[in-house]
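# What the coordinates show
These are the residues of each chain, in order.
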Amino acid sequence: MIIIKNDEELVCMRQAGRIVAIILEILTKEIKPGMETGELDAIAARELERRGAKSSFKGYHGFPANLCVSVNDEVVHGIPGKRVLREGDIVSLDFGAIFEGLQADAAVTVGVGEVSPAAKRLMATTKGALEAGISAARAGARLGNISAAIQHYVESRGYSVVREYTGHGIGREMHEEPQIPNFGLSGQGPVLKKGMTLALEPMVNIGDWRTRVSDNHWTVLTADGSLSAHFEHTIAITDGEAEVLTKEVYA
Ligand code: MG
């Protein structure tokens with residue numbers, strides 16, 4: 001069942017979204033060659049505590065960290081730890097926060113130092129795909145319009161969308177109905193209604209869309225070893241343009 005949020009819930013989700021956006025901005029500024037990915041987890045923990053919020057991810061089905069850090073051919077669910085970031089890597093940070101029982105979830109992929117033109121184009125395309133999905137998300141439209149907009153944006157640029165992992169409804173739970181695939185057909189699926197809150201999250205591969213899970217049972221990698229990028233926002237459906245709850249808010 002799709003849950004419509006009331007105004008009070010939306011207020012808390014805006015605050016959760018603001019916390020997620022601010023902390024992601026702090027993390028992206030800290031990333032540099034030579035850093036261990038576990039240092040990012042420590043920063044996320046410190047900044048959450050400072051704001052009276054909790055990680056959506058830590059303990060979720062046993063996930064051991066405050067955020068996911070996925071490098072190069074890692075798609076999602078990378079566990080921060082001893083891995084050292086190198087110049088030219090691309091790093092996906094996926095991060096969710098709970099504030100007053102309400103959640104927001106967002107992701108960004110950033111380069112470590114100077115990255116290749118191919119990596120830059122992949123990141124720009126994935127960000128563009130998220131924006132295309134958000135543009136299609138409004139009351140009265142069908143969920144499939146979002147999926148189709150993302151798929152078309154990505155595939156028309158020669159890349160593929162990951163199919164085994166999807167966007168999702170979000171609110172009191174990190175994962176609520178509906179699932180939001182990054183591929184599909186316009187005009188299909190449930191009708192979007194004002195007050196629905198959704199996390200849209202295209203995961204885009206330079207090569208094939210297929211993935212595999214590493215021996216740690218968490219980290220998802222591209223099956224063919226190609227680079228992957230991930231962008232995500234939590235949005236609220238309105239009668240007009242969707243409200244982006246995890247938008248950058250810093251000066
Ligand atoms: Mg998500």
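Above this note sits the structure.
My aim in this report is to walk through the structure given alongside it, one point at a time.

How each quantity is defined
Residues numbered from 1 in each chain as written. Predicted model: local features only at pLDDT ≥ 70, side-chain atom pairs only at ≥ 80, totals over all residues. Heavy atoms only, no water. Donors = N, O, S within 2.8 Å, 3.2 Å for Na, K, Ca; no water. Buried < 20%, exposed > 50% of the residue type's maximum accessible area, 1.4 Å probe, protein only. Axes fitted to C-alpha atoms, helices over the stretch in contact; angles between N-to-C directions. Helix = DSSP H or I, 4+ residues; strand = E, 2+ residues; numbered from the N terminus. Parallel < 35°, antiparallel > 145°, perpendicular 65-115°, else oblique. Left-handed = near helix turned anticlockwise from the far one by under 90°. Contact = heavy atoms within 4.5 Å. Nonpolar A, V, L, I, M, F, W, Y, C, P; charged D, E, K, R; others polar. Pairing = 2+ DSSP bridges. Core = buried A, V, L, I, M, F, W, Y, C linked by side-chain atoms within 4.5 Å.

Here we take up the coordination of the magnesium ion. Around a metal, the ideal angle is 109.5 degrees if four donors adopt a tetrahedral arrangement and 90 or 180 degrees if six donors adopt an octahedral arrangement. Taken together, the protein ligands of the magnesium ion are Asp 105 (OD), His 168 (NE2), Glu 201 (OE) and Glu 232 (OE), with distances of 2.1 to 2.3 Å. Among the residues examined, Glu 201 registers a relative accessible area of 8% and is labelled buried. Classification of Glu 232 as buried rests on a relative accessible area of 1%.

Attention shifts here to the packing of helix H3 (residues 117-135) against helix H4 (residues 143-155). One can describe the packing of H3 onto H4 by two numbers: an axis separation of 8 Å at closest approach and a directional angle of 155 degrees. Viewed along their axes, H3 and H4 adopt a mutual orientation that is roughly antiparallel. Considering only the axes of H3 and H4, their crossing is right-handed. From H3, Thr 125, Gly 128, Ala 129, Ala 132 and Gly 133 reach across to H4, where they touch Ile 146, Ala 149, Ile 150, Tyr 153 and Val 154. For the contact of H3 with H4, a count of residues per class yields seven nonpolar, three polar and no charged.

Attention shifts here to the sheet that holds strand S9 (residues 197-200). Read across the sheet, five strands follow the order S8-S7-S9-S14-S15 without closing on themselves; strand pairing throughout is antiparallel. Taken across any chain shown, the strands that pair with only one partner, and hence form the sheet edges, are strand S8 (176-180) and strand S15 (243-244). The sheet contact formed by strand S14 (residues 233-236) and S15 spans two bridges and is antiparallel. Bridged to Ile 235 within S15 is Val 244.

What follows concerns the nonpolar core. Ranked by size, the top nonpolar core spans 56 residues in total, and within it Leu 27, Leu 93, Ile 146, Leu 192, Leu 198 and Ile 235 carry the most contacts. Those elements that place two or more of their residues in this core are helix H1 (7-30), helix H2 (37-50), strand S2 (67-71), strand S4 (90-99), strand S5 (102-111), H3, H4 and S9. Setting aside its immediate chain neighbours within four residues, Ile 146 contacts Gly 133, Ala 136, Ala 137, Ile 180, Leu 192, Leu 198 and Leu 200. If you look at the next biggest cluster of nonpolar residues, it comprises eight residues, including Cys 12, Met 13, Ala 199 and Leu 245.

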